[in-house]
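Here is what each chain is made of, one letter per residue.
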Amino acid sequence: MPDDAMPRTMRSAQALVAAGLLDPAAEAAVARVAERYAIAVTPAVAGLIGAPDDPIGRQYIPDAAELITAPDEIEDPTADAPFTPVKGVVRRYPDRALLKPLLACPVYCRFCFRREVVGPDGGLLTEAELAAALDWLAATPAIREVILTGGDPLMLSPRRLSALMRAFGQIPHLEIVRVHSRVPVADPARVTPELVAALDSDKAFFLCVHANHAREFSAEAAAALRRLSRAGVPLLGQSVLLRGVNDSPETLEDLFRAMLRCRVKPYYLHQLDKAPGTARFRVPAEEGLALVEGLRGRISGLAQPTYVTETPGGGGKVPVRRAG
Ligand SMILES: *Cc1c(COP(=O)(O)O)cnc(C)c1O
Ligand code: SF4
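By the naming in an unreviewed UniProt entry, the chain is Lysine-2,3-aminomutase-like protein, taken from Falsiroseomonas bella. The UniProt entry for the chain carries this comment under Sequence similarities (unreviewed entry): "Belongs to the radical SAM superfamily. KamA family."

(A) View of the overall build of the chain. For the chain, the helix and strand inventory stands at eleven helices and nine strands. For the chain, whose C-alpha radius of gyration is 19 Å, the value lies close to the compact-globule estimate of 20 Å for 324 residues. With respect to the three principal axes, the spread of C-alpha positions in the chain is 60 × 55 × 40 Å. For the chain, the proportion of its 324 residues judged to be buried stands at 52%. Put simply, of all contacts in the chain between residues at least 6 apart along the chain, 77% involve residues at least 24 apart. A total of about 14,300 Å² of accessible surface is found on the chain, and carbon and sulfur atoms cover 56% of it. The average position of the 38 basic charges and that of the 38 acidic charges among the side chains of the chain differ by 5 Å.

(B) Main features of the sheet that holds strand β8 (residues 306–311). Reading across the sheet, the nine strands line up as β1-β2-β3-β4-β5-β6-β7-β8-β9 and stay open at both edges, with mixed pairing between neighbours. Both outer strands of the open sheet, β1 (89–90) and β9 (316–319), are each paired with one neighbouring strand and no more. Direction of pairing for strand β5 (residues 204–210) relative to strand β6 (residues 235–240): parallel, over a ladder of four bridges. Across the sheet, residue C208 finds its bridge partner in β6, namely L236. Sheet contacts for helix α5 (residues 127–138): β1, β2 (96–99) and β3 (145–148); angle to β2, the most-contacted strand, approximately 175 degrees. Across the sheet, helix α9 (residues 219–230) is in contact with β5, β6 and β7 (264–270); its angle to β6 comes to roughly 140 degrees.

(C) Molecular detail of the site of ligand 2. Residues in contact with ligand 2, as listed here, are C105, V107, Y108, C109, C112, R182 and H210. Taken together, the residues that form the shell around ligand 2 break down as five nonpolar, one polar and one charged.

Definitions and cut-offs
- Residues numbered from 1 in each chain as written.
- Chains lettered and ligands numbered in written order.
- Predicted model: local features only at pLDDT ≥ 70, side-chain atom pairs only at ≥ 80, totals over all residues.
- Heavy atoms only, no water.
- UniProt positions renumbered as here; feature names shortened; annotations may be inferred.
- Helix = DSSP H or I, 4+ residues; strand = E, 2+ residues; numbered from the N terminus.
- Rg over C-alpha atoms; globule rule 2.2 N^0.38 Å.
- Buried < 20%, exposed > 50% of the residue type's maximum accessible area, 1.4 Å probe, protein only.
- Contact = heavy atoms within 4.5 Å.
- Areas by Shrake-Rupley, 256 points an atom, 1.4 Å probe, with all protein chains shown as cover.
- Lys, Arg positive; Asp, Glu negative; His and termini not counted.
- Charge placed at Lys NZ, Arg CZ, Asp CG, Glu CD.
- Pairing = 2+ DSSP bridges.
- Axes fitted to C-alpha atoms, helices over the stretch in contact; angles between N-to-C directions.
- Near = heavy atom within 4 Å.
- Nonpolar A, V, L, I, M, F, W, Y, C, P; charged D, E, K, R; others polar.

Set out below in structure tokens:
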């Protein structure tokens, strides 16, 4: 196939309309949303969308409502900024820290808690900034675990990823390297043998895959996860509880069963953070608790994630509990 006939990632309201994924009547409003929040829909994801408001379309197709900030929504809901000792690092716990080498993602989720900062042309740490972040890790012996996040770390080239793995290997007190990524489901073709080889590490290595609906585990995604698992990478799953995406007992059950079939152990189910313009996705905690409690006994214990929420002000993740 000639190069210009290859399907491309859609990055504008116009491209979504042209692909039949957006009503032409909504194009102008969504173009305004795109001035503030990045759009990306990979061909792999576009192929899973039946309608803009189906459980896959809702996650990625922008909506005019994103420009309305509810009174309880804030820009940095997990309070990363006050816990940043050096650019690109967030340390909220004594023994582990996040490292955000870039802020690009394969797709841009409409409910993202970092939506004010993620985007295609921002956030790649310069060589000097990355060196400073690695120096901080090396100089902070209490840190046993580094968690690569972003953006999406698997958007880095295999060359850069293997350089990072080598750098971590040289820090004696680091025991665990964890990567959080949406790439295996959102752009499975990126999980090439070269990328898998680049993740080879002297440290214990875990990959946590973000997915919210069983249909995201397409045949291509399953094959990408199999390549990782064959290389010995333990796979964990993280999901966000989202209205209209996975807010029923059946969809949650299907999601966690699909994860297990792909050798992904459900780790966390997140209560949605209150980022601006995400009200249409909110599920109250009492409803979430009832859904999660309903899973007990119905599906394998292996398939049960912990339902967690962020403590306001940056206190970290805690299990969701009933008020009072
Ligand atoms: C979520 C998070 C972690 C990881 O928490 P776990 O409960 O170990 O998965 C670490 N640091 C920060 C700042 C986080 O937000
Ligand atoms: S992949 Fe993660 S960081 Fe990127 S837009 Fe989605 S939720 Fe946000």
